[in-house]
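Inside the fold
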Number of protein chains: 2
Amino acid sequence: MRAEIISIGTEILFGQIVDTNSAWLASRLPSLGVDLYYVSTVGDNQGRVVQTLRRAWERSDVIITTGGMGPTEDDLTRESIADLLGETMQVMPDLEETLRSRFSRRAIPMPERNIKQATLIPSAQAIPNPRGSAPGWWTERDGRIIASMPGVPSEMFLMWEQQVAPRLLERSDGSVILSKIIKTNGLSESLVDEMLSPLLSSTNPSIGVYAKSDGIHLRLSAKAARPPEAQAMLDALEPRVHAILGDVIWGADDETPAVAAGRLLKERGLTLATMESCTGGLVGSMVTDVPGSSTYYKGGIITYTNAMKIAHGVHPSIIEEHGAVSAETAIAMAVAVRERLGADVGLSVTGVAGPDPSEGKSPGTVFIGIATADNQRVMTGGIYQQHRPDIKLRAAHNALLFLRRVLLGIE
Amino acid sequence: MRAEIISIGTEILFGQIVDTNSAWLASRLPSLGVDLYYVSTVGDNQGRVVQTLRRAWERSDVIITTGGMGPTEDDLTRESIADLLGETMQVMPDLEETLRSRFSRRAIPMPERNIKQATLIPSAQAIPNPRGSAPGWWTERDGRIIASMPGVPSEMFLMWEQQVAPRLLERSDGSVILSKIIKTNGLSESLVDEMLSPLLSSTNPSIGVYAKSDGIHLRLSAKAARPPEAQAMLDALEPRVHAILGDVIWGADDETPAVAAGRLLKERGLTLATMESCTGGLVGSMVTDVPGSSTYYKGGIITYTNAMKIAHGVHPSIIEEHGAVSAETAIAMAVAVRERLGADVGLSVTGVAGPDPSEGKSPGTVFIGIATADNQRVMTGGIYQQHRPDIKLRAAHNALLFLRRVLLGIE
């Protein structure tokens, strides 16, 4: 099946809202055996929405739309589909009942304009929306399908998972593309490319290489007539990638550096404490994004001044002698926070987030310290980014991935 | 001028890279007097790229493309434009010279396939790329323009600002749309809508209302034949919005809650210290995203356990009696961190980030405490989000905006 995605909304067209729906949907189509050829965005203008739908109707089997399903006069997806197909919208009593009871449950009078959310055309069925007032439309005619969902991501995600994806799967011929993402850190993109070159020439399964803020990611993809075959191809490829790259691989799919480090801490029954200077709490925030992190994370100190570092156990002579941004201070911070917070592992970050240099060191200069009962390690890093939040992001990722490597004994 | 944007790249089509370029470009077109009608994405397939370009050539005056300008065989933007226009690509000696010297400066042999980055067609001029090896193409024929830039954001941004935007501005009739974003917090979207209803019916200048994680944002837009006229319309509208909404307005354009709170601290010569539980350092990280925050931010304590709260000055009886997630503990945390760190203002957050309840309180329950020399305040908030990082994000935004209101004496 050939598919295209159309996002409808002036606020998306103009970048006032970044369209995350299309990327999310695009990533889910291959596993349903649906081939995606085009993604487009069009504003809230009926003429242009109809024109875009018509073009898609001519060249694709499945058209997935998001947005334009609300109650206002700017919401024109239903009108445009009716226009495209030359059919008339009619209020459906059962949908009206559901809509009115939704409002009465919340003791709000239903604005009359909302009634259009209870309409259908003869070729459309309603797709239930458990999280909002706007049902989707499943329109099917002449061997073509238009699946229309609301633009609110949380409503769209659920409608997709529960309703639209299963219906598309029923109609697919069973052939799928399955993917797995493998995440590495510590090697450059060109080095990963070179190491994997014996595998990169294969087109099925295939490997794509992408540079991200937490390292180089690989996307392994396999296309086959049936899901188990595609899975078997991935299962055969993955060990070959691991054999080449080894322990620079730290995670897969949705895993973050904090997940990778947290898993090791948990497995080993170790607790963590952090002392952060230039990252200002970002490492702690990443650690605590992981559900269950309270079992291993004791907490942290954000030492944004030298006085604060000294008050929390860094000896003033170390800062005087080596500077606040130094390997020695990073180690002293990790040792101090480990002791003060009674944790098994102390992790520290000190550096220059910019935009101005500090102590004569340029923005992006970062030192990461780790202290355990019997080990003290420091990593010196230069981060080549321009913006303060980007430098902080990479420094925090580096800290968590360095922690992983030290815990594994591979650093 | 009618424009459309085309992103070229399979990795963007499939959501492996989120297309931030299109939103960025879309937000910059109105001030050049360019009307944007369509945004689309197409994979690295010459037939489909040409089809998409042809459609755009038929209906738009200006086509802006990003991506597909690299040296590999997947990079097909040049070939597709040549195909569309029936022109032949030729290596230009001056471009080849620039390209080769770029490689020799870095002492790398130039792969022969890179030579296509030195080609042009008769209707195209090269657009210099100070940050990368791929020049852009400025193609102009039959009253139509195609501006082709690389997909790497940092290269594209600079090429746009220095080369493409000025050329488009030369060709524009001078009419522009100028916009200003005004940010509020503390009122619901429907209440803002209702309060502004006398102004919302105007189509020029216009006001758009958007719900964001840090409150309700308004986009004021004005279209006029010349920039000063549009600016005058905005300047007349803005005080009317301020008169209606008053001090729930906390910022404009790119400002963040941390910028708004930081500005007040700086103006008043006050220092800040934070104690965070459920946000895990995110408030500190936001504060330190702002350049110059080291002048007012002393640092913070991430107290992810009760023992850690007690060790940093919260009396155990308060936690025993009221629970760690309570107004009383929030106040005690703010008071303690203010004293321990010697700051003028203590700010605290305690709550349940989820996914599981804690102390019988549901995820999203958050208390924010503020302590100054002569004031102690607490804000109780329920955050209706499902995901842990979303709850943390809103809790941190709420904390910084509550701090602003308390400092202003409007809370």
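Source: prediction; values computed, not measured. (Residues numbered from 1 in each chain as written. Chains lettered and ligands numbered in written order. Predicted model: local features only at pLDDT ≥ 70, side-chain atom pairs only at ≥ 80, totals over all residues.)

1. Describing the overall build of chain A
The following threshold applies: The numbering of helices and of strands both runs from the N terminus, where a helix is a DSSP run of H or I of at least 4 residues and a strand a run of E of at least 2. Each residue is classed by its C-beta neighbour count within 10 Å, where at least 20 other C-beta atoms makes it buried, 12 or fewer makes it exposed, and intermediate counts make it partly exposed; the C-beta atoms are placed from backbone geometry.
Per the secondary structure count, chain A includes 15 helices and 17 strands. Projecting the C-alpha coordinates of chain A onto the three principal axes gives extents of approximately 80 × 55 × 40 Å. Out of the 411 residues in chain A, the part that is buried amounts to 47%.

2. Remarks on the interface of chain B and chain A
Condition: Two residues form a contact once the distance between their C-beta atoms, set from the backbone, is within 7 Å. Here the term charged refers only to Asp, Glu, Lys and Arg, the term nonpolar to Ala, Val, Leu, Ile, Met, Phe, Trp, Tyr, Cys and Pro, and the term polar to all other amino acids, Gly among them. Between any two strands, at least two bridges found by DSSP are needed for them to pair.
With 51 residues of chain B in contact, the opposing surface of chain A contributes 51 residues. Listed by contribution, the elements that provide at least two residues to the side of chain B that touches chain A are helix H1 (10–13), helix H2 (20–28), strand S2 (35–42), strand S10 (206–212), helix H11 (282–287), strand S14 (297–303) and helix H15 (388–408) of chain B. Taken together, the residues of the side of chain B that touches chain A sort by class into 24 nonpolar, 20 polar and seven charged. Sheet analysis places strand S14 (residues 297–303) of chain A next to S14 of chain B, joined by five bridges and oriented antiparallel.

3. Here's the deal with the sheet that holds S10 of chain B
Strand pairing in a sheet is mediated by backbone hydrogen bonds. Such pairs are either parallel or antiparallel. Residue and element names in this part refer to chain B. Rules: Each axis is a line fitted through C-alpha atoms, taken for helices only over the stretch in contact, and angles between the N-to-C directions span 0 to 180 degrees.
Strand order in the open sheet formed by four strands is S10-S11-S9-S12, with antiparallel pairing between adjacent strands. Either end of the sheet is taken by a strand with one partner, and the two such strands are S10 and strand S12 (249–252). The mean angle between the axes of side-by-side strands here comes to 25°, regardless of whether they run parallel or antiparallel. The pairing of strand S9 (residues 176–184) with S12 spans three bridges and is classified as antiparallel. Paired with Lys183 across the strands is Gly251, a residue of S12.

4. Some points on the nonpolar core
Put simply, the rule reads: For this entry, the nonpolar core is defined as buried Ala, Val, Leu, Ile, Met, Phe, Trp, Tyr and Cys residues connected by C-beta atoms within 7 Å.
With 113 residues, the main nonpolar core has Ala334 and Ala399 of chain A together with Ala334 and Ala399 of chain B as its most contacted residues. Apart from residues lying up to four places away in sequence, Ala334 of chain B is in contact with Met275, Gly346, Leu347, Ser348, Gly369, Ile370 and Ala371 of chain B. Core analysis: the next-biggest nonpolar cluster, separate from the first, contains 90 residues, Ala3 and Ala56 of chain A together with Ala56 and Leu76 of chain B among them.

5. Here's the deal with the environment of Thr52 of chain B
Residues and elements named next belong to chain B. Take Thr52: it is sitting in helix H3 (residues 46–59). Taking the C-beta count within 10 Å as the criterion, Thr52 has 25 such neighbours and is therefore assigned buried. Here the alpha-carbon distance between Thr52 and Leu84, two residues 32 residues apart in the chain, equals 9.9 Å. Once residues within four sequence positions are removed from consideration, Thr52 is found in contact with Ile6, Ser40 and Val42.

6. A closer look at the relation of the copies chain B and chain A
For clarity, the threshold we go by: Copies overlap after least-squares fitting; the atoms used are the C-alpha atoms of residues with pLDDT of at least 70 in both.
Screw-axis analysis of chain B against chain A gives a translation of 0.3 Å along the axis, an RMSD of 0.3 Å, and a rotation angle of 180°. A rotation of that kind, with that shift, is consistent with a two-fold axis. A share of 100% of interface residues in chain B that are also interface residues in chain A marks the association as one of identical surfaces.

7. Section: the sheet that holds strand S11 (residues 215–224) of chain A
All names here are of chain A. With antiparallel pairing, the four strands of this open sheet are ordered in space as S10-S11-S9-S12. Edge strands, defined here as strands with exactly one partner in the open sheet, are strand S10 (206–212) and strand S12 (249–252). For this sheet, the mean inter-axis angle between neighbouring strands, taken without regard to orientation, is 25°.

8. Some points on the pairing of strand S15 (residues 345–351) of chain A
Residue and element names in this part refer to chain A. Among the seven residues of S15, seven are classified as buried, and the element is accordingly described as predominantly covered. Strand direction decides the pairing type here: strand S13 (residues 272–276) and S15, joined by five bridges, are parallel. The partner of Glu276 across the bridge, within S15, is Val349. Where S15 meets strand S16 (residues 365–372), six bridges bridge the pair, whose relative direction is antiparallel. Residue pairing across strands places Gly351 opposite Val366, the latter belonging to S16.

9. Concerning the domain arrangement of chain A
All names here are of chain A. Heads up, the condition is: An automatic or database domain assignment supplies the start and end points of every domain.
Entries for chain A in the domain assignment read domain 1 (2–171), domain 2 (176–252) and domain 3 (257–408). For domain 1 and domain 2, the distance between their C-alpha centroids amounts to 35 Å. At the interface, four residues of domain 1 touch four residues of domain 2. Residues that form the side of domain 1 that touches domain 2 fall into these classes: two nonpolar, two polar and no charged.

10. What about the packing of helix H2 (residues 20–28) of chain A against helix H6 (residues 153–171) of chain A?
Residue and element names in this part refer to chain A. Formally: Oblique is the label for every angle not falling under 35 degrees (roughly parallel), over 145 degrees (roughly antiparallel), or within 65 to 115 degrees (roughly perpendicular). Two helices that cross are described as forming a left-handed crossing if the nearer one is turned anticlockwise from the farther one by less than a right angle, and a right-handed crossing if clockwise.
Look at H2 against H6: their axes get within 11 Å of each other, and the N-to-C directions meet at 25°. By the angle between their directions, the pair H2 and H6 is classed as roughly parallel. Here the hand of the crossing between H2 and H6 comes out right-handed. Only Pro153, Met156, Trp160 and Ala165 of H6 make contact with H2, whose side of the interface consists of Thr20, Asn21, Leu25 and Arg28. For the contact of H2 with H6, a count of residues per class yields five nonpolar, two polar and one charged.

11. Thoughts on helix H10 (residues 257–268) of chain B
All names here are of chain B. Selection criterion: One less than the residue count of a helix, multiplied by 1.5 Å, gives the span that helix is expected to have.
Compared with an ideal rise of 1.5 Å per residue, which puts 12 residues at 16 Å, H10 spans 17 Å between its outermost C-alpha atoms and is within 8% of the ideal. Listed in full, the buried residues belonging to H10 are Pro257, Ala258, Ala260, Ala261, Gly262 and Leu265. Buried residues in H10 make contact with S12, strand S13 (272–276), H11 and H15. Two residues or fewer after H10 comes Gly269, characterised by a positive phi angle close to 65°.

12. Focus: the pairing of S2 of chain B
Residues and elements named next belong to chain B. For S2, the tally of buried residues reaches six of eight residues, placing the bulk of the element in the interior. As defined by bridge partners, strand S1 (residues 2–8) adjoins S2 across seven bridges and the pair is classed as parallel. Looking across to S2, one finds that Ile8 is bridged to Val42.

13. As for helix H9 (residues 227–245) of chain B
Along its 19 residues, H9 of chain B runs 27 Å from first to last C-alpha, staying within 8% of the 27 Å computed at 1.5 Å per residue. Looking one or two residues past H9 of chain B, Gly246 of chain B carries a phi angle of roughly 60°, positive in sign.

14. Here we look at the environment of Ser188 of chain A
Looking at the element boundaries, Ser188 of chain A is found in the loop between strand S9 (176–184) and helix H7 (189–195). Here the alpha-carbon distance between Ser188 of chain A and Asn114 of chain A, two residues 74 residues apart in the chain, equals 54 Å.

15. Some remarks on the environment of Arg105 of chain A
Residues and elements named next belong to chain A. Inspection of the secondary structure puts Arg105 in helix H5 (residues 93–105). Residue Arg105 is classed as exposed on the basis of its C-beta count, with 8 C-beta atoms lying within 10 Å. Taking the C-alpha atoms as reference, Arg105 lies 59 Å from Leu196; in sequence the two are 91 residues apart.

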